[in-house]
2 protein chains.
Amino acid sequence: MAKISKKELIIEQSRKSFSQLGYELTSLESIAKECGITKPAIYYHFKDKATLYKAVVCPEFTALAQKIEESTQIGNAVERLNAYIHTFGEFLISNPDFSAIFAREIANGSKTIPDECIEQLSRTIKQLINILHTGTSEGVFEEESPFLVQMMIVTPLISCHTTRPLRERIANFTQNEIIPLEPHFKNIIESLSKKIIKGLQC
Amino acid sequence: MAKISKKELIIEQSRKSFSQLGYELTSLESIAKECGITKPAIYYHFKDKATLYKAVVCPEFTALAQKIEESTQIGNAVERLNAYIHTFGEFLISNPDFSAIFAREIANGSKTIPDECIEQLSRTIKQLINILHTGTSEGVFEEESPFLVQMMIVTPLISCHTTRPLRERIANFTQNEIIPLEPHFKNIIESLSKKIIKGLQC
DNA sequence: ATAATTTTACTTACCGTTCAGTAAGGAGAA
DNA sequence: TTCTCCTTACTGAACGGTAAGTAAAATTAT
């Protein structure tokens, strides 16, 4: 059994709660309860709720930026863009709480994202800018706003996770129609990557 | 000057607040204040906060479904898909509060969306299913999950609006890099439409 | 036409609850 | 003894929602 500090335990439970309920509806007392401690114990480890949120969120963005940078170093522009998309998608698989947290931030104007995370995000964007620029220089990609490409990658993948209940409810209303079963997420990553690359190619 | 009932005024102010702050952070007292009335006056017109939210949200989804249905009747599959995407994009322009509200619902598992809205959403999805099916029958489109296509359309367009502050903050960190100015929204719609159609075509 | 009554559209005052955050103290380890 | 890591007990503010009352408009009765 791995030794896990109480501080780490608080962060893990908080991540689940922030992901499922969002920042506002997450109560520190319920987190404490699930950790088997009391609320002021959280205040012993973290200054306030916002600081706890940062402690949850920052490592995720840092890990994402790290993985993106590592995986998009080699290959031609098409290969690197493909790696960018797949790395992001697989990050969402291995960090199941990240989708909902990031989706809320996107919906929210990112008011609650600390600067440290923005810096990490800018690392990934820089990488994407580099890939796209290389691609246009090589004449394989049409010129396109990196922010648009980023949104074409990030938001559909994220919302695959967050819209599951929505899709189920919609499917109830479209009974008579034949709705193809949703493919597994790895197929979605692959499918999205192909389409985006195809859409960008000259 | 158009005659506007107080009930309509409450709905309009609520829409702004729900869009800017989200459901939880919207306080009925602040809405009342901006309408020049008191909180119980809202309760005279609406049973509770959730009912008020429905009154804000339902007409938007209905109008969207209506416009989508109208605009995607004629033409071949490519033209109809193009119309679908443009109609959705232009709806976001003429309903500036809708993006944030919908984005929050997507992030949220759509817990607070009433069934009435889901029904309207299913109308638009049915239309998209029809378009894609026609396209594959005609051999112009590859087969693809309508939900994925829907997300490729909806989420980037929505997040164009909600991520504006995020993009600005990111741009601050990438000073030294050349970040192309973000194109205007109509160009984004056009650009996204082209890419999605290109990505889907055989 | 006018008086009586009811309904509309609110207001003031308040309740109960929830929640972030704090003060003070205590048990156990070093 | 002192530091770490917590607990008990609490404060203050905000919020959703309600009870009770009221001025003015609309409706009905005389």
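These figures come from a predicted structure and were not determined experimentally.

**Some words on the domain arrangement of chain A**
All names here are of chain A. Taken as a whole, chain A is organised into domain 1 (1–46) and domain 2 (57–200). One C-alpha centre belongs to domain 1, the other to domain 2; they are set 28 Å apart. Counting residues at the interface gives seven residues for domain 1, matched by five residues for domain 2. Summing both partners gives a buried area of about 540 Å² for domain 1 against domain 2, and 52% of it is carried by carbon and sulfur.

**Examining the protein's contact with DNA strand C**
Taken together, 15 residues lie around DNA strand C, and Lys39(A), Tyr43(A), Lys49(A), Thr38(B) and Tyr44(B) are the ones closest in. Near the protein, within 4 Å, the atoms of DNA strand C are sugar or phosphate in 52% of cases. Between DNA strand C and the protein, one listed contact pairs a phosphate oxygen with a side-chain N or O atom of Thr38(B) at 2.3 Å. For the surface near DNA strand C, the elements supplying multiple residues, two or more each, are α3 (39–45) of chain A together with α3 (39–45) of chain B. In terms of residue count, the dominant contributor to the surface near DNA strand C is α3(B) (four residues). For the surface near DNA strand C, the per-class residue count stands at seven nonpolar, four polar and four charged.

**Examining the protein's contact with DNA strand D**
Within the structure, DNA strand D sits among 15 residues, and Thr38(A), His45(A), Lys39(B), Tyr43(B) and Lys49(B) are positioned closest to it. Close to the protein, within 4 Å, the atoms of DNA strand D belong to sugar or phosphate groups at a rate of 57%. Within the side chain of Tyr44(A), a nitrogen or oxygen atom sits 3.0 Å from a phosphate oxygen of DNA strand D. The backbone of Leu28(B) places a nitrogen or oxygen atom 3.2 Å from a phosphate oxygen of DNA strand D. Elements with a contribution of two residues or more to the surface near DNA strand D: α3 of chain A together with α3 of chain B. The element that contributes the greatest number of residues to the surface near DNA strand D is α3(A), accounting for four residues. For the surface near DNA strand D, the class distribution of residues is seven nonpolar, four polar and four charged.

**A look at helix α10 (residues 185–200) of chain A**
Across its 16 residues, α10(A) extends 22 Å between first and last C-alpha, which sits within 8% of the 22 Å expected from 1.5 Å per residue. Along α10(A), the positions that sit buried rather than exposed are Phe185(A), Ile188(A), Ile189(A), Ser191(A), Leu192(A), Ser193(A), Lys195(A), Ile196(A), Ile197(A), Gly199(A) and Leu200(A). Contacts from the buried residues of α10(A) go to α5 (77–94), α7 (115–137) and α8 (146–162) of chain A together with α8 (146–162) and α10 (185–200) of chain B.

**Regarding the interface of chain A and chain B**
At the junction of the two partners, chain A supplies 56 residues and chain B supplies 56 residues. Between chain A and chain B, roughly 5300 Å² of surface is buried when both sides are summed, and carbon and sulfur atoms account for 69% of that area. On the chain A side of the contact with chain B, Phe147(A), Phe173(A) and Lys195(A) bury the most area, a combined 13% of that side's loss. Joining chain A to chain B, the criterion identifies six salt bridges. Across the salt bridge formed by Glu142(A) and Lys198(B), the nearest N and O atoms sit 3.2 Å from each other. Run the count over chain A and chain B and you get 21 residue pairs in polar contact (both at pLDDT 80 or more). When contributions to the side of chain A that touches chain B are tallied by element, the ones reaching two or more residues are α1 (6–25), α6 (98–107), α7, α8, α9 (164–173) and α10 of chain A. In terms of residues, the side of chain A that touches chain B owes the most to one element, α8(A), which gives 10 residues. Residue composition of the side of chain A that touches chain B, grouped by class: 29 nonpolar, 14 polar and 13 charged.

**Some remarks on the nonpolar core**
If you look at the biggest cluster of nonpolar residues, it comprises 120 residues, and the most contacted ones within it are Leu157(A) and Leu157(B). With residues up to four places along the chain from it excluded, the contact list for Leu157(A) reads Ile85(A), Phe88(A), Gly89(A), Leu92(A), Phe185(A), Ile188(A), Ile189(A) and Leu192(A).

**Some remarks on the packing of α8(A) against α8(B)**
One can describe the packing of α8(A) onto α8(B) by two numbers: an axis separation of 8 Å at closest approach and a directional angle of 115°. When the axes of α8(A) and α8(B) are compared, the pair comes out roughly perpendicular. Where α8(A) crosses over α8(B), the two elements pack in a sense that is right-handed. Contacts from Met151(A), Met152(A), Thr155(A), Pro156(A), Ser159(A) and Cys160(A) of α8(A) reach α8(B) at Met151(B), Met152(B), Thr155(B), Pro156(B), Ser159(B) and Cys160(B).

**Things to note about the packing of aromatic side chains**
In total, this model carries 14 aromatic pairs over all chains according to the counting rule given. Measuring from ring centre to ring centre gives 5.7 Å for Phe18(A) and Tyr23(A), while their planes differ by 10°; the resulting arrangement is stacked. You can call Phe18(A) buried: its relative accessible area is 2%. What links up through ring pairs into an aromatic cluster is the set Phe61(A), Phe91(A), Phe98(A) and Phe102(A). Positioned over the ring face of Phe46(B) is Lys7(B), at 5.5 Å from the centre of the ring. Note that Lys49(B) overlies the ring of Tyr23(B), its terminal NZ or CZ placed 4.6 Å from the centroid.

So, how was this worked out
- Residues numbered from 1 in each chain as written.
- Chains lettered and ligands numbered in written order.
- Predicted model: local features only at pLDDT ≥ 70, side-chain atom pairs only at ≥ 80, totals over all residues.
- Heavy atoms only, no water.
- Domains from an automatic or database assignment.
- Contact = heavy atoms within 4.5 Å.
- Buried area = accessible area lost by both parts, 1.4 Å probe.
- Near = heavy atom within 4 Å.
- Polar contact = N/O pair within 3.5 Å; in protein donor to acceptor, adjacent residues only side chain to side chain.
- Helix = DSSP H or I, 4+ residues; strand = E, 2+ residues; numbered from the N terminus.
- Nonpolar A, V, L, I, M, F, W, Y, C, P; charged D, E, K, R; others polar.
- Expected span 1.5 Å × (residues − 1).
- Buried < 20%, exposed > 50% of the residue type's maximum accessible area, 1.4 Å probe, protein only.
- Salt bridge = Lys/Arg side-chain N within 4 Å of Asp/Glu carboxyl O.
- Core = buried A, V, L, I, M, F, W, Y, C linked by side-chain atoms within 4.5 Å.
- Axes fitted to C-alpha atoms, helices over the stretch in contact; angles between N-to-C directions.
- Parallel < 35°, antiparallel > 145°, perpendicular 65-115°, else oblique.
- Left-handed = near helix turned anticlockwise from the far one by under 90°.
- Phe/Tyr/Trp six-rings, centres within 6.5 Å; stacked < 30°, edge-to-face > 60°.
- Lys NZ or Arg CZ within 6 Å of the ring centre and 35° of its normal.

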